[in-house]
Amino acid sequence: MQAERNARWVEGGSKTVVSRKAEVGPDGLRFAALWTRPVPAATINTMATASQPNATTILISGGGIAGLTLGILLKERGWNPLVVERQAAPSRDGYMMDFFGTGWDVAERMELVDAIRAIRYPIDDLKYVDDAGRAYLDVPLDRIRRALDDRYVYLLRSDLERVLLDRAERVGVVVRYGTSIRSLTDAGDRVDVMFEDGETAAAGLVVGADGVHSRVRALALGPEESFARSLDGRVAAFSTPRAPEVGRSVVLHEEPDRLAAFYPISDARMQAMYVFRDDDAPDFVAPDDRLPLLRREFDRGGWITSRVLQDLDDRTPMFYDALTQIVMPRWSIGRVCLIGDACGCLTLVAGQGSHMAMAGAYVLATELSRRPDDHASAFAAYERFFKPLVRRKQDEAARLATRFVPSAGSWTWLRRLALRAIFNRFLLGLVMQSLGGRSVLRGYDR
Ligand SMILES: Cc1cc2nc3c(=O)[nH]c(=O)nc-3n(C[C@H](O)[C@H](O)[C@H](O)COP(=O)(O)OP(=O)(O)OC[C@H]3O[C@@H](n4cnc5c(N)ncnc54)[C@H](O)[C@@H]3O)c2cc1C
């Protein structure tokens, strides 16, 4: 019903703004009510005047990985993108990510590899440890690099964002921080947009690159619940003083329904990630409630997992979210299109979300540039090529999710045997190729 209403609204070019009253929290958005009112006359047009729509002006909601990638590629190809980002400033922290495969391919195509290689953390190896801190698996990082032909780094999400932002600034992409779209109206030959502060603009096209809890998606295609696929888990991540036990290793500790990973990022600090299964844990948790929740979940955690949480400063900013994929039958409607997690979130289980976010932006920019006067065909070509690739990775991640964190019924010896096989020096190359080492854009035009 909602999708139908939105379809008519967008496709029909009605002069009515349909929007939802939004409660904006640091985690994303919860829509509380729906209201309808007439579009006020455009007061400020930052992109094009309402009477003179410019098809090459594109408003991108979200200045993260997908949004910045798209902004850069479109600007370089002669378009006029404006990126609006809800956060007041670029993010500086976040969580640690593996970067390789498809992401590396796009970075090469964009000539960003030197900047990415320059990101270095004091990491020599990856270890799995037991409750006593004894390593039952120790994999030199060089082995992983070699398995991926030296096209692999650990980086923070904010590192990748910074590399993209540097390029965006250099090529002249305008990025506006502290701004969010409140409502959208497809007027046929343009999209009329109203921002949270009441400012209005007209854009040729609007792209939602605003992540797993996308507002553009909610405004144009329907509520999150319609597209959410739960992988039955929650994740929290934060930066904290480095525990001496971690040293220069990425260290993982597993127990039933619990996984903790620690990444050294300097001599003094480490990045921590906690993943757990608990059907009673909420999907959305207010910032002040996150650490108490995590302390309860890991109160009997082995090795240093409980201690790190007990010692953590209560004011430490903490990322928290449910492991939720976004699976949608269509990614665009009228002049509005989605990229990245907004339409195809894989979750951290895949370890390739940033790669696919960049690749989706690359394909959309390429298809739009091939058909600058026909966005409908460009959107269709983008979806035709890229959606099946995302869907396959989503299904792989959904299958892997049941084994990503051990369950109470897991046989420890069997699990450790499997981990040893995966990281075996003779098999790792093959394993990494099947886990995202091979770029999905191989053969796709540069
Ligand atoms: C703990 C964790 C570990 C991960 N590990 C890996 C990994 O190892 N490798 C990997 O490739 N991927 C990993 N991922 C996935 C990866 O981070 C995402 O897939 C990727 O960031 C998606 O990029 P995006 O640009 O679509 O969304 P995001 O990176 O989420 O960016 C969305 C942007 O939109 C902004 N925004 C949100 N709402 C609005 C709004 N209303 N208006 C304006 N702006 C808005 C946000 O502030 C943000 O800047 C991990 C994810 C998590 C949570």
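So, here's what we can say about the structure. (Residues numbered from 1 in each chain as written. Predicted model: local features only at pLDDT ≥ 70, side-chain atom pairs only at ≥ 80, totals over all residues.)

## Digging into the sheet that holds strand β18 (residues 319-326)
With mixed pairing, seven strands are arranged side by side in an open sheet as β7-β6-β15-β16-β17-β14-β18. Every other strand in the sheet has two partners, leaving β7 (135-140) and β18 as the edge strands with one partner each. Going across the sheet, the axis of each strand differs from the next one's by a mean of 20 degrees, ignoring polarity. (Pairing = 2+ DSSP bridges. Helix = DSSP H or I, 4+ residues; strand = E, 2+ residues; numbered from the N terminus. Axes fitted to C-alpha atoms, helices over the stretch in contact; angles between N-to-C directions.)

## With respect to the nonpolar core
Note on soluble globular proteins: their nonpolar side chains tend to be buried together. In terms of nonpolar packing, the biggest core is built from 121 residues, with Leu70, Val206, Ile339 and Ala361 touching the most fellow members. For this core, the leading source of residues is helix α11 (residues 353-370), giving 10 residues. What Ile339 contacts, discounting residues up to four positions off in sequence, is Ala66, Leu70, Val207, Ala209, Ala357, Gly360, Ala361 and Leu364. (Core = buried A, V, L, I, M, F, W, Y, C linked by C-beta atoms within 7 Å. Buried ≥ 20, exposed ≤ 12 C-beta atoms within 10 Å, placed from the backbone. Contact = placed C-beta atoms within 7 Å.)

## A closer look at the pairing of β7
Both strand β6 (residues 125-129) and β7 contribute to a ladder of five bridges, which runs antiparallel. Note that in β7 the partner of Tyr128 across the bridge is Leu137. The hairpin turn running from β6 into β7, its antiparallel successor, is five residues long, and Gly133 in that turn takes a positive phi close to 85 degrees.

## Some remarks on the site of the ligand
Not every one of the 34 residues close to the ligand is listed here, only the nearest: Gly62, Gly64, Gly211, Gly340 and Gly353. With four residues, the top contributor of residues to the shell around the ligand is α11. (Near = placed C-beta within 6 Å.)

## Description of the packing of helix α3 (residues 101-109) against α11
The description of two packed helices rests on the angle between their axes and on the distance between the axes. In contact at an axis separation of 7 Å, α3 and α11 are set at 45 degrees when each is read in the N-to-C sense. It follows that α3 is oblique to α11 by the angle criterion. Crossing angle aside, the handedness with which α3 passes α11 is left-handed. On the side of α3, the interface is formed by Gly101, Thr102, Gly103, Val106 and Arg109, while α11 contributes Ser354, His355, Met356, Met358, Ala359 and Tyr362. The class makeup of the residues in the contact of α3 with α11 is five nonpolar, five polar and one charged. (Parallel < 35°, antiparallel > 145°, perpendicular 65-115°, else oblique. Left-handed = near helix turned anticlockwise from the far one by under 90°. Nonpolar A, V, L, I, M, F, W, Y, C, P; charged D, E, K, R; others polar.)

## Section: α3
Most of α3 is tucked away: seven of the nine residues are buried. Gly101, Thr102, Gly103, Trp104, Asp105, Val106 and Ala107 are the residues of α3 that are buried. Buried residues in α3 make contact with β5 (96-99), α4 (113-117), α11 and α14 (428-437). With its phi angle positive at about 55 degrees, Glu111 sits one or two positions after the end of α3.

## Observations regarding the environment of Tyr121
If you trace the backbone, Tyr121 turns up in the loop between α4 and β6. Sequence separation of Tyr121 and Ser266 is 145 residues, and the distance between their C-alpha atoms is 6.7 Å. Ignoring anything within four residues of it in the chain, the contact list for Tyr121 reads Tyr154, Tyr263, Pro264 and Ile265.

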